[in-house]
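Listed below, chain by chain, are the residues.
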Amino acid sequence: MGHMDKRSTLDSETPGTGRRLSLPVQGLSCASCVGRVERALQGLPGASDVSVNLATGRADLRLNGSGAAAVEAIARAGYTVPEAVEVIAVAGLSCASCVVRVERALSEVPGVTSASVNLATGRAEIRYPEGSVSRADLEAAVSRAGYEPLVAAEVPGDAGADRQAEEAARLRRDLMRAAALSAPVVVLDMGGHLVSAFAHAVHGALGGMGVGLLQAALATLVLAGPGARFFRRGLPNLLRGHPDMNALVALGAGAAYLYSLVSVLVPAVLPAGTAHLYFEAAVLIVTLILLGRTLEAGAKGRTGEAIARLAGLAPATARVIRDGVEIEVPQGRLAVGDVVRVRPGERIAADGILVAGASYVDESMVTGEPMPVAKAVDDAVVGGTLNTHGSFDLRVTTIGSETVLARIVRMVEAAQGAKLPIQALVDRVTGWFVPAVIGAAFLTFLSWLALGPSPSLGLALVNAIAVLIIACPCAMGLATPTSIMVGTGRAAQLGVLFRGGTALQRLRDVRVVALDKTGTLTEGRPTLTDLIPAPGHDADDTLRLAASLETRSEHPIARCIVSAAEARGLTLGTVAAFAAEPGFGITGTVDGRLVVVGTRRFLDRLGIPADALSDAAGRLEGEGRSPLYTAIDGRLAALVAVADPIKTGAAEAVAALRARGLVVAMITGDGRGTAEGVARRLGIAEIAAEILPGGKVEAVHALRARHGPVAFVGDGINDAPALAEADVGLAIGTGTDIAVESADVVLMSGALAGIVTAIELSHAVMRNIRQNLFWAFAYNVALIPVAAGLLHAFGGPLLSPVLAAGAMALSSVFVLANALRLRRVAGAAS
């Protein structure tokens, strides 16, 4: 995602011929579809060389102008162009207003359907119909907005971290240079005010003009050197009518510098008594804001360290056995099928299956579970996890971007780049905030100039500069994304993957946690516990026939019946005319005999009496076991019961959820008696039993209507619709891929304590965001009037531009430091 080369699908426009487009088209099924799309595209003004290929499913044409018109024409013809996602790293983002500006510029590119910019990660994610927009167009939009597009980093902790480290190093160098050049200015100015003897000595040696010229020279070096970044980025945006934080700093420091320069060189042009020097304010504004930026860069680096650690888990090299010889190859050169030798204490190079040896593997960085897991031949291992004891060989099954670790990194990266609904309010406010600050500073200047004590020009300038400097919206822009970055990174360390940042906010509002039973509350590995034959039927013969039929079923219960028959040494028969009815049972012929295995309602529907064993079935259900009826040739033959062990920690997790005031419900296709038996052992009051696979969505609807927002937890294919329908879907990571893809949150370890961890993290992150936003807004609301001189008007002190710069820098550092506290969230899964 974000690295696709559009040169093959979208060429630059050539005068006279138009731009070449190659658009994938979904829904093409025959020659008439091709003709319909071709006619729609040929009807576009400026379209030429139109060709639609049914085999490749692509439409090629040349078109003068945007590809959006072609996409619309294809849609009108009844077909669709799939969505593409491009990621662009953006340099120069400094505050929330920058984010709004870049998002607006990208959204205005014809064809773009949405654009989202994250200040903390410095990345823009753009969505558009594939092939309709070129990366060059997107980069040009970023450049027009006044920022620098970069090649997006695909792996956190790699190119992205390198850029962050380079920027942090540049900031440190600029800070040291600014501090070294500013110190003499501050000493010359402040020393003269504090120690009269020092002032006399300096003026005696250099003269009044000499002192001013020396300060001017040093201040020029500060503003033209370390401070140039603010002018280089801020003034162009100011001239475009889109001022940002850099513009505020440039205006404030520049005004103080220019006024002081006039005071030194041509003081006569200023009103009498107003030729003051503010060089120390200009240089300290730059130095203090560089200090804040440097601290901010360090804190930003720590916000992403969890994902960087994940990305760096895979070892650089691996020992591969080829032709009986052990050779060391780079990790990127591994191929599927390679046999890799892993020694004690080494990290596993790739996903694979053990083919020799045994060991214990520490999977904590993937699942959050602290205890090493025993691994033997035929067991799967995950690349990046740590081999603790023995040595083993594994056959590589997955490499590159499809490994478990790579998928985890992508999920966390996507969550960290997401925007919560609460961010929309922040974006709306910051869109007009900087222009409003400039207006407030100008009004402050005019007010003090007109109403201040004579000579008022100096006071007017100082207070206007203080307003410009103190009101920067950096903290507002960082408040939400930094909390999301740290929170989702910490969640990944605890084995909880938020696939999208919005799940963080929605999970906080959940009132009901509904859980699937099999594989979620239970181990999903049922065993046969009872076989009660009906009068006149042999137990072994009945089990042989039932197990033979169950060999054709994929249900977990089927496997345990087959295993029980094999354990007794029974020879299974040949199955014909097999049929399965989900939620009811299966039928077929085994060695010429008609066999039915299923629920009581299945036998009732087939007209087979089952009353003879109904009392036994009720007793087994009360014990938490799942009874199934077996009928042979239309007569009841036996009752078999299976029990699925409840997962370790399930009862504790349910108790923890209830302690948080949440309603805990169980949704299962099992009979009510079995469901009630399991629910009693776990302390679950709400039960929806005998639910067919398609009925889980209705069960979610019913729970939402009674209690409010629902989180559904499941692991199977039949859970996917309910996971998608719930307000928040949580998938057991050990379950099916379909369930994982349908969920908003993935619990990697399969432990139900992960549900509690996810909810606790959701509350912690949202609480952290509220704290950050309150600080960011309250800081500006409280200090802008102070900077404007409101307190001084009533006999109080003035807020100098230097103090304003320090306060502004500290506001961003406070927000980042507060977000970093989320790294200490322990979580129930740890």
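Residues numbered from 1 in each chain as written. Predicted model: local features only at pLDDT ≥ 70, side-chain atom pairs only at ≥ 80, totals over all residues. Heavy atoms only, no water.

Bringing the overall build of the chain into the picture now. Of regular secondary structure, the chain possesses 29 helices and 29 strands. The buried share of the chain, taken over its 830 residues, is 52%. Taking the contacts inside the chain whose residues are at least 6 apart along the sequence as the reference set, 69% of them involve residues at least 24 apart. As presented, the chain carries roughly 33900 Å² of accessible surface, and 59% of it is formed by carbon and sulfur atoms. (Helix = DSSP H or I, 4+ residues; strand = E, 2+ residues; numbered from the N terminus. Buried < 20%, exposed > 50% of the residue type's maximum accessible area, 1.4 Å probe, protein only. Contact = heavy atoms within 4.5 Å. Areas by Shrake-Rupley, 256 points an atom, 1.4 Å probe, with all protein chains shown as cover.)

On to the packing of aromatic side chains. Tallied over the full model, the rule gives three aromatic pairs. Consider the rings of phenylalanine 584 and phenylalanine 602, whose centres lie 6.3 Å apart with planes at 55°: the pair is tilted. Separated by 18 residues along the polypeptide, phenylalanine 584 in the loop between strand E20 (575–581) and strand E21 (585–590) and phenylalanine 602 in helix H20 (residues 600–606) bring together distant segments of the chain. An identical accessibility class is assigned to phenylalanine 584 and phenylalanine 602; each is buried. Residues tryptophan 775 and phenylalanine 814 carry aromatic rings whose centres are separated by 4.5 Å and whose planes lie at 35° to one another, so their mutual orientation is tilted. Of the two residues, tryptophan 775 is situated in helix H27 (residues 753–787) and phenylalanine 814 in helix H29 (residues 801–820); the sequence distance between them amounts to 39 residues. Residue class for tryptophan 775 comes out partly exposed when judged on its relative accessible area of 31%. A cation sits over an aromatic face here: arginine 601 above phenylalanine 584, 5.0 Å from the ring centre. (Phe/Tyr/Trp six-rings, centres within 6.5 Å; stacked < 30°, edge-to-face > 60°. Lys NZ or Arg CZ within 6 Å of the ring centre and 35° of its normal.)

Another aspect to go through is the sheet that holds strand E28 (residues 728–732). Sheet architecture is open: seven strands sit in the order E17-E29-E28-E27-E18-E25-E26, paired in mixed fashion. Every interior strand has two partners, whereas the edge strands, strand E17 (496–498) and strand E26 (686–688), have only one. Across the sheet, the mean angle from the axis of one strand to that of its neighbour is 20°, orientation sign disregarded. Where strand E27 (residues 710–714) lies against E28, four bridges are found, and the strand directions are parallel. Opposite phenylalanine 712, over in E28, you have glycine 729 as the bridge partner. (Pairing = 2+ DSSP bridges. Axes fitted to C-alpha atoms, helices over the stretch in contact; angles between N-to-C directions.)

The phi dihedral of aspartate 378 is positive, around 80°, even though this residue is not glycine. When you line up the elements, aspartate 378 lands in the loop between strand E13 (373–375) and strand E14 (380–381). When its relative accessible area of 62% is taken as the criterion, aspartate 378 is described as exposed. The phi torsion at glutamate 690 lies on the positive side, around 55°, for a residue other than glycine. Along the chain, the position of glutamate 690 falls in the loop between E26 and helix H24 (696–707).

We now examine the sheet that holds strand E1 (residues 19–24). A sheet is described by the order of its strands in space; here three strands give the open sequence E1-E3-E2, paired in antiparallel fashion. Strands at the two margins of the open sheet, each flanked by one partner only, are E1 and strand E2 (47–53). Averaged over all pairs of adjacent strands, the angle between their axes in this sheet comes to 10°, without regard to strand direction.

Quick look at helix H18 (residues 539–550) now. Two residues of an α-helix separated by three or four positions point the same way, owing to the 3.6 residues in each turn. For H18, spanning 12 residues, the distance from its first C-alpha to its last is 16 Å, which sits close to the expected 16 Å at 1.5 Å a residue. Buried residues of H18: Thr542, Leu543, Arg544, Leu545, Ala546, Ala547, Ser548, Leu549 and Glu550, and no others. N-capping of H18 is provided by aspartate 538, with a side-chain oxygen placed 3.2 Å from the backbone N of aspartate 540. (Expected span 1.5 Å × (residues − 1). Polar contact = N/O pair within 3.5 Å; in protein donor to acceptor, adjacent residues only side chain to side chain.)

Helix length check: helix H14 (residues 457–470), at 14 residues, gives a terminal C-alpha distance of 20 Å against a target of 20 Å (1.5 Å per residue), a fit within 8%. Across the 14 residues that make up H14, a large majority, 13, are buried.

Let's shift gears to the pattern of salt bridges. Applying the stated criterion across every chain yields a total of 28 salt bridges. Its salt-bridge partner being aspartate 174, residue arginine 177 comes within 3.2 Å of it at the nearest N-O pair. Note that arginine 177 and aspartate 174 are positioned in helix H5 (residues 159–194) at a spacing of three residues, about one turn of the helix. Under the relative-accessibility criterion, arginine 177 is labelled partly exposed at 44%. Taking the relative accessible area as the measure of exposure, aspartate 174 reaches 12% and is therefore buried. Close ionic contact of arginine 706 with glutamate 686 constitutes a salt bridge, the shortest N to O distance being 2.8 Å. You can see arginine 706 sitting in helix H24 and its partner glutamate 686 sitting in strand E26, a full 20 residues away along the chain. Residue classification places arginine 706 among the exposed residues on the basis of a relative accessible area of 51%. Several salt bridges converge on common partners, so that one network encompasses Arg319, Glu326, Arg341, Arg343, Glu346 and Asp393. (Salt bridge = Lys/Arg side-chain N within 4 Å of Asp/Glu carboxyl O.)

The next thing to look at is the environment of arginine 322. Mapped onto the elements of the fold, arginine 322 is located in strand E8 (residues 317–322). Here the alpha-carbon distance between arginine 322 and valine 340, two residues 18 residues apart in the chain, equals 9.2 Å. Each residue touching arginine 322, except ones within four places of it in the same chain, is listed here: Ile327, Val329, Arg333 and Asp338.

What follows is about the packing of helix H3 (residues 96–107) against helix H4 (residues 135–144). The interhelical angle for the contact between H3 and H4, taken along N-to-C directions, is 140°, at an axis separation of 9 Å. As judged from the angle between their axes, H3 and H4 are oblique. Crossing of H3 over H4 shows right-handed handedness. Residue-level contacts link Val102, Ala105 and Leu106 of H3 to Leu138, Ala141 and Val142 of H4. Among the residues forming the contact of H3 with H4, the class breakdown is six nonpolar, no polar and no charged. (Parallel < 35°, antiparallel > 145°, perpendicular 65-115°, else oblique. Left-handed = near helix turned anticlockwise from the far one by under 90°. Nonpolar A, V, L, I, M, F, W, Y, C, P; charged D, E, K, R; others polar.)

Orientation of helix H1 (residues 31–42) relative to helix H2 (residues 68–76), taken along the N-to-C sense of each, is 140°, at an axis distance of 9 Å. Accordingly, the angle class assigned to the pair H1 and H2 is oblique. The chirality of how H1 crosses H2 is right-handed. Contact residues: Val37, Ala40 and Leu41 in H1; Ala70, Ala73 and Ile74 in H2.

A few words now on the pairing of E20. As a general feature of sheets, a regular strand has side chains that alternate between the two faces. Here E20 runs beside E21; their pairing, made up of five bridges, is antiparallel. Bridged to alanine 580 within E21 is isoleucine 586.

So, on to a positive patch on the surface. The grouping of Arg767, Arg770, Arg821 and Arg824 at the surface amounts to a positive patch. Relative to the elements of secondary structure, arginine 824 occurs in the segment after H29. By relative accessible area, arginine 824 is classed as exposed at 64%. (Patch = residues over 30% accessible without salt bridge, like charges linked within 9 Å, V, L, I, M, F, W, Y side chains within 5 Å. Lys, Arg positive; Asp, Glu negative; His and termini not counted. Charge placed at Lys NZ, Arg CZ, Asp CG, Glu CD.)

Right, let's talk about a nonpolar patch on the surface for a bit. Residues Met209, Leu213, Leu265, Val266 and Val269 make up a contiguous nonpolar surface patch of roughly 470 Å² in combined accessible area. Under the relative-accessibility criterion, leucine 213 is labelled partly exposed at 39%.

Burial along strand E3 (residues 58–63) is one-sided: the face carrying Ala59, Leu61 and Leu63 is buried and the face carrying Arg58, Asp60 and Arg62 is not. Bridging between E1 and E3 involves six bridges; their strand directions are antiparallel. Looking at the pairing, arginine 19 lines up with leucine 63 of E3. Note: E2 against E3, five bridges, orientation antiparallel.

Turning our eyes to something else, we now look at the environment of leucine 820. By the secondary structure assignment, leucine 820 is in helix H29. Sequence separation of leucine 820 and arginine 490 is 330 residues, and the distance between their C-alpha atoms is 10.0 Å.

The UniProt record annotates "transmembrane region" (unreviewed entry) at residues 178–199, 205–224, 245–269, 275–292, 429–451, 457–480, 773–792 and 798–820. A distance of 31 Å separates the end C-alpha atoms of residues 275–292, which is 78% helix and 0% strand. Between the first and last C-alpha atoms of residues 773–792 the distance is 28 Å; the span itself is 90% helix and 0% strand. (UniProt positions renumbered as here; feature names shortened; annotations may be inferred.)

All right, on to the environment of proline 110 then. Among the structural elements, proline 110 can be located in the loop between H3 and strand E5 (114–118). Given the relative accessible area of 48%, proline 110 is considered partly exposed. The spacing of proline 110 and aspartate 137 is 27 residues in sequence and 9.3 Å in space, taken between C-alpha atoms.

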